[in-house]
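Here are the chains, one letter per residue:
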Amino acid sequence: MANVLSQSEVESLLSALDPSVSPEPAPAMGGGAGGAGGAGGASDSINDFMTAQISVYDFKRPERVSKEQMRAFQALHDGFSREFGVALSAMLRTIVECKLISVDQLTYSEFVFSLENPTCFNLLHSEGLDGQMILDLSPSIIFPVIDRLMGGGKDGVQKFPGRPLTDIELNLVHRITDRAITGLHSVWKNICDLKLKVVQTESNPQLVQIVPPNEVIVLVSFEITMGEMRGIMNLCIPFNTIEPLAGQLSANTWQTYTRKTVSPEQKLNLEAGVGKANVEL
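Only a predicted model underlies this, so the values are computations on that prediction, with no experimental measurement involved.

A. The packing of aromatic side chains, seen in detail. Here the structure, examined in full by the defined rule, presents five aromatic pairs. An angle of 55° between the planes, with centres 6.2 Å apart, marks the rings of phenylalanine 73 and tryptophan 188 as tilted. In this pair, phenylalanine 73 sits in helix α3 (residues 67–92) while tryptophan 188 sits in helix α6 (residues 167–188), placing the two residues 115 residues apart along the sequence. Judged by its relative accessible area of 1%, tryptophan 188 falls in the buried class. Aromatic ring contacts, followed pair by pair, group Phe80, Phe84 and Phe222 into a single cluster.

B. Broad picture of the side chain of asparagine 234. Summarising the element assignment, asparagine 234 is placed in strand β6 (residues 229–238). Judged by its relative accessible area of 9%, asparagine 234 falls in the buried class. Among the polar contacts listed, one links the side chain of asparagine 234 to the side chain of serine 221, at a separation of 2.9 Å. Sequence-distant contacts of asparagine 234, that is, excluding residues within four places in its chain, are made with Phe111, Leu115, Ile134, Leu135, Asp136, Leu219, Val220 and Ser221.

C. How the structure looks around empty space enclosed by the protein. By the definition in use, this model includes two cavities of 30 Å³ or more. A volume near 50 Å³ is recorded for the largest cavity. Around the largest cavity sit Phe84, Leu88, Leu137, Ile141, Ile142, Val145, Ile176 and Ile224, which together line it. Those elements that place two or more of their residues in the lining of the largest cavity are α3 and α5 (139–149). Ranked by residues supplied to the lining of the largest cavity, first place goes to α5 with three residues. Estimated volume of the second largest cavity: approximately 30 Å³. Lining of the second largest cavity is provided by Val65, Gln69, Phe73, Phe239, Ile242, Glu243, Ala246 and Leu249. Its residues assigned to classes, the lining of the second largest cavity shows six nonpolar, one polar and one charged.

D. Looking closely at α6. The end-to-end C-alpha distance of α6, which contains 22 residues, comes to 31 Å, matching closely the 32 Å that a straight helix rising 1.5 Å per residue would cover. Among the residues of α6, those classed as buried are Glu169, Leu172, Val173, Ile176, Thr177, Ala180, Ile181, Gly183, Leu184, Val187 and Trp188.

E. Focus on the packing of α5 against α6. Where α5 contacts α6, the axes come no closer than 10 Å and their chain directions differ by 100°. Here α5 is positioned roughly perpendicular relative to α6, judged by the angle of their axes. Contacts from Ile142, Phe143, Val145, Ile146 and Leu149 of α5 reach α6 at Glu169, Leu172, Val173, Arg175 and Ile176. Its residues assigned to classes, the contact of α5 with α6 comprises eight nonpolar, no polar and two charged.

F. Up close: the pattern of salt bridges. Taken as a whole and assessed by the stated rule, the structure comprises four salt bridges. In this structure, arginine 82 engages aspartate 78 in a salt bridge whose closest nitrogen and oxygen atoms are separated by 2.9 Å. Residue arginine 82 and its partner aspartate 78 are located together in helix α3, separated by four residues, close to a single helical turn. One salt-bridge network, held together by shared partners, links Lys99, Glu223 and Arg230.

Calculation rules
Residues numbered from 1 in each chain as written. Predicted model: local features only at pLDDT ≥ 70, side-chain atom pairs only at ≥ 80, totals over all residues. Heavy atoms only, no water. Phe/Tyr/Trp six-rings, centres within 6.5 Å; stacked < 30°, edge-to-face > 60°. Helix = DSSP H or I, 4+ residues; strand = E, 2+ residues; numbered from the N terminus. Buried < 20%, exposed > 50% of the residue type's maximum accessible area, 1.4 Å probe, protein only. Polar contact = N/O pair within 3.5 Å; in protein donor to acceptor, adjacent residues only side chain to side chain. Contact = heavy atoms within 4.5 Å. 1 Å grid on protein atoms, 1.4 Å probe; cavity = no way out; pocket = protein on both sides within 12 Å on 5 of 7 lines; lining within 4 Å. Points joined across faces, edges and corners; volume = space filled by probe spheres on them. Nonpolar A, V, L, I, M, F, W, Y, C, P; charged D, E, K, R; others polar. Expected span 1.5 Å × (residues − 1). Axes fitted to C-alpha atoms, helices over the stretch in contact; angles between N-to-C directions. Parallel < 35°, antiparallel > 145°, perpendicular 65-115°, else oblique. Salt bridge = Lys/Arg side-chain N within 4 Å of Asp/Glu carboxyl O.

The structure is reproduced here in structure tokens:
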């Protein structure tokens, strides 16, 4: 027979949850053992109820990207950060470090309102994914980089101006975004040919709306360090843009996409090198 709580046990449970509710005295039960058994059952029921795990879910921020897909994004762009740091170091003739700091999913409106204004807000169009992405560079790092490109001192600018970029500065920024696009093409090539290009650059991020405000996006954040200067670079990828590739960003298939393939030139070089070795037969 299934265990059914008595009226006194239900009242004891309610009183444990709300102290203002005082349970009515339970009617006398025949036999001390029966009463002790009933009290023990009520105590166990209360303990089970109080130790239940409760998960908070916000319907305004649905988690559409799985945890294994988020881990795939992290592994993917961790390689991009190293490659992009090397490219910036070669361009600026100084040591530049690019480090992946977080991969999160949030709504597009939360991302936009978290940015500085003015900023360097680049709209990227992807022909391979039939959608758009955002590459945002904070003024705290973009102005020191521009100063370096224009022949500034080794220490760079200590304070950056709170204004939009000029036309000359935008042309210099395109050299940076071109290297970022090249790095993204390199790490994504085994999954999809992104075919990215910059179609618009804005200083006010609220003027560009590529998806509805409540649309879920994957935000990949990097920290760029050049000497004592550092700033944040954000890559915003809307979920509806990468949704066709969701199945390819799983843990089961990720290893197949990260394997390096040997090019025909590498095979020829290997054969030529091995062919010069003298082997006794």
